[in-house]
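Per-entry structural report
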Amino acid sequence: MNAIDTALTGKSAVKLISGNHACALGAIAAGCRFFAGYPITPSSEIAERLARRLPEVDGVFVQMEDEIASMAAVIGASMGGVKAMTATSGPGFSLKQENIGYAAGAEIPCVIVNVMRGGPSTGMPTRPSQADIMQARWGSHGDYPIIVLTPASVSEIYSETLRAFDLAEQCRSPVVLLYDQVIAQLSETVALDGAGHASATRKWASGPRAAYQPYDGGSDAIPAMARPGDGYRTHTTGLTHSESGFPTQQPEAVTRNLSRLFSKLERHRDLIDSSEALHCDDADVVIVAIGISARAATRAVEQCRAQGLRVGLFRPITFWPFPEKQLRQAAAKARAVLVPEMNTGQLRLVVERVLAGVAVEGLHLFSGEAITPSDIAARATALARGA
Amino acid sequence: MQDARIEIRIGGTGGQGLILSAKILADALAAGGKHVAQSQTYEPTSRGGYCNADLVISDGEVDFPITTALDQLVLLDRLAIKPSWPLLKPGALVIADTRLCPELPAGNYRRYHLPLSRTALELGSERVTNIVALGALVALSNICDRKRIEQAVRAETPRGFLDLNMDALKAGYAVHVQAAAGNNAEVNVGT
């Protein structure tokens with residue numbers, strides 16, 4: 001890390017930086033030493049920063065021929081034992097999906113940043129959206145678990161980038177860092193305090209080499225990885241595999257391995273879950289929002305509270321696996337729930353399922369503009385007054 | 001909830017350096033201990049399309065970082081009028097370039113129609129219109145200490161352009177005074 005970045009991440013340094021810059025700083029601080037990507041608005045500033053910074057810390061930056069190859073390179077680097085990431089947006093996230101599924105199935109730790117811009121297709125490259133919530137979870141074919149984090153501010157992009165690398169290593173899983181164009185390119189005065197951060201390390205194979213099984217989940221459902229050069233015999237494939245790592249379609253072995261894969265994240269929810277509840281304890285109306293919409297909702301909640309209305313905000317920070325228990329608790333007294341989001345109802349669908357029986361209303365904007373506090377406050381006020 | 005929130009927009013077209021001037025002002029304010037959020041809207045065309053660079057300034061943490069009610073507006077192209085005018089607070093400060101933004105809608109604003117781009121041209125390059133505008137904004141709004149804005153301009157300027165940018169900033173401080181003296185500008189306060 002060079003002097004400027006050290007100063008930025010020092011204990012009390014306050015500096016004006018953008019969300020994408022914070023992401024690059026977080027990656028370096030987390031120990032990321034490999035980036036492969038293909039530039040795309042509005043994520044390119046991450047690649048731009050890392051292209052300069054990674055060589056200074058003996059890391060590698062590669063601009064690949066496209067997003068498919070970038071994702072493959074990230075997986076390869078991680079299998080080589082290096083913390084690796086890529087960053088993209090819009091169509092680029094679609095292109096990465098096949099290999100994201102590979103990383104999930106083969107359990108390769110890696111971090112994928114997706115800055116959400118307007119879609120579908122090429123859509124609106126310079127405008128914000130929150131329409132990749134479902135793609136981040138279900139974008140690759142087949143059934144697989146994945147971790148998705150949704151920060152809402154520049155300082156949280158930094159801290160969640162640190163956490164993304166930790167969770168990827170600890171859970172042997174791809175982790176998607178998902179945020180909108182507004183906070184990606186927004187510059188804010190922040191104090192980045194990663195000083196006390198101790199980066200998580202991967203569970204490497206140890207013990208007798210002859211007994212090593214690359215996909216034996218052990219006691220915590222997370223298999224130990226063979227570090228290249230340590231002499232453990234291993235095999236990695238996108239085909240369904242048994243504990244040995246070799247392909248199999250034998251029903252019992254397939255069921256056993258996939259069941260472990262699916263249980264893996266559930267067993268580590270204490271580590272993974274993160275959410276925030278603001279004024280929810282007595283709330284008649286609970287707003288559920290992420291990213292810039294949650295920032296607008298925070299102001300709306302304060303405006304409603306000033307009017308004496310019992311309105312609260314629930315904000316998932318880990319979005320997938322969805323913090324269901326925490327939402328149910330936050331909305332325990334709610335008569336109505338309002339979901340402002342920059343899409344046609346992806347988060348609302350989740351909330352409706354989790355809070356079945358509670359009236360859930362969506363506030364959807366997909367014009368390429370951010371939802372304003374006054375729009376949210378107006379709807380929340382009407383709901384709180386029973387209109 | 002009422003907090004001491006000030007919102008500023010610099011509007012024009014891509015390529016005018018609007019985001020740079022906003023970043024310079026944001027850096028200067030942050031150095032003075034303010035909490036600042038600086039955002040922008042731009043078109044994929046980058047050059048020539050509508051662009052604005054906004055600041056939200058507060059003594060405490062900025063909750064919602066996007067502008068919703070402008071206290072100060074700088075207009076460097078007529079394209080910026082339509083998206084910005086509805087956001088103006090009554091009595092807001094409006095600084096517009098006489099050449100690039102010749103006509104302004106009516107309203108109860110502190111309006112300064114100033115020869116910003118012409119001043120830049122006279123200094124040798126239209127490219128420093130953004131810095132002339134920044135100087136005019138600082139002079140007319142007192143939003144920021146002059147020493148801090150000068151430090152921020154220095155920090156952001158490549159060495160070869162330093163003299164030109166500092167001249168542009170200082171010309172910007174004085175442009176409203178000179179314009180009024182030379183009857184070059186429509187200075188329209190509270191109409």
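What you see is a predicted model, and the numbers here were worked out from it, not measured in a lab. (Residues numbered from 1 in each chain as written. Chains lettered and ligands numbered in written order. Predicted model: local features only at pLDDT ≥ 70, side-chain atom pairs only at ≥ 80, totals over all residues.)

As a further point, take the nonpolar core. Formed by 177 residues in total, the largest nonpolar core has its most connected members in Val285(A), Val286(A), Ile287(A), Val337(A), Ala380(A) and Ile95(B). When we break this core down by domain, the ones giving at least three residues each are domain 1 (3-190) and domain 2 (276-384) of chain A. Those residues in contact with Val286(A) that lie beyond four places of it in its chain are Cys280(A), Gly312(A), Phe314(A), Ala330(A), Ala331(A), Ala334(A) and Val337(A). Listed in part, the 6 residues of the second largest apolar core include Ala205(A), Met225(A), Ala226(A) and Tyr232(A). (Core = buried A, V, L, I, M, F, W, Y, C linked by C-beta atoms within 7 Å. Buried ≥ 20, exposed ≤ 12 C-beta atoms within 10 Å, placed from the backbone. Domains from an automatic or database assignment. Contact = placed C-beta atoms within 7 Å.)

Contacts between the two partners involve 20 residues from chain B and, on the opposite side, 20 residues from chain A. Of the residues forming the side of chain B that touches chain A, the biggest block, 6 residues, is contributed by strand S2 (residues 35-41) of chain B. The class makeup of the residues in the side of chain B that touches chain A is 11 nonpolar, 5 polar and 4 charged. Looking at chain direction, strand S9 (residues 187-190) of chain A and S2(B) are connected through 2 bridges and run antiparallel. What sits directly across from Glu188(A), in S2(B), is Ala37(B). (Helix = DSSP H or I, 4+ residues; strand = E, 2+ residues; numbered from the N terminus. Nonpolar A, V, L, I, M, F, W, Y, C, P; charged D, E, K, R; others polar. Pairing = 2+ DSSP bridges.)

Turning our eyes to something else, we now look at the packing of helix H4 (residues 67-79) of chain A against helix H5 (residues 91-106) of chain A. In a packed pair of helices, the relevant descriptors are the angle between the two axes and the axis-to-axis distance. Residues and elements named next belong to chain A. The interhelical angle for the contact between H4 and H5, taken along N-to-C directions, is 30°, at an axis separation of 8 Å. Taken as axis vectors, H4 and H5 run roughly parallel relative to one another. Where H4 crosses over H5, the handedness of that crossing is right-handed. Every residue of H5 that contacts H4 at Glu67, Ile68, Met71, Ala72 and Ile75 is listed here: Gly92, Leu95, Lys96, Glu98, Asn99, Ile100, Tyr102 and Ala103. (Axes fitted to C-alpha atoms, helices over the stretch in contact; angles between N-to-C directions. Parallel < 35°, antiparallel > 145°, perpendicular 65-115°, else oblique. Left-handed = near helix turned anticlockwise from the far one by under 90°.)

Quick look at the domain arrangement of chain A now. Interfaces are often described in size by the accessible area the parts lose on coming together. Residue and element names in this part refer to chain A. Split by domain assignment, chain A resolves into domain 1 (3-190) and domain 2 (276-384). A straight line from the C-alpha centre of domain 1 to that of domain 2 covers 26 Å. Taken together, the 24 residues of domain 1 in the interface contact 20 residues of domain 2. For the side of domain 1 that touches domain 2, the element with the most residues is helix H6 (residues 133-138), which contributes 4 residues. A class-by-class count of the residues in the side of domain 1 that touches domain 2 yields 16 nonpolar, 4 polar and 4 charged.

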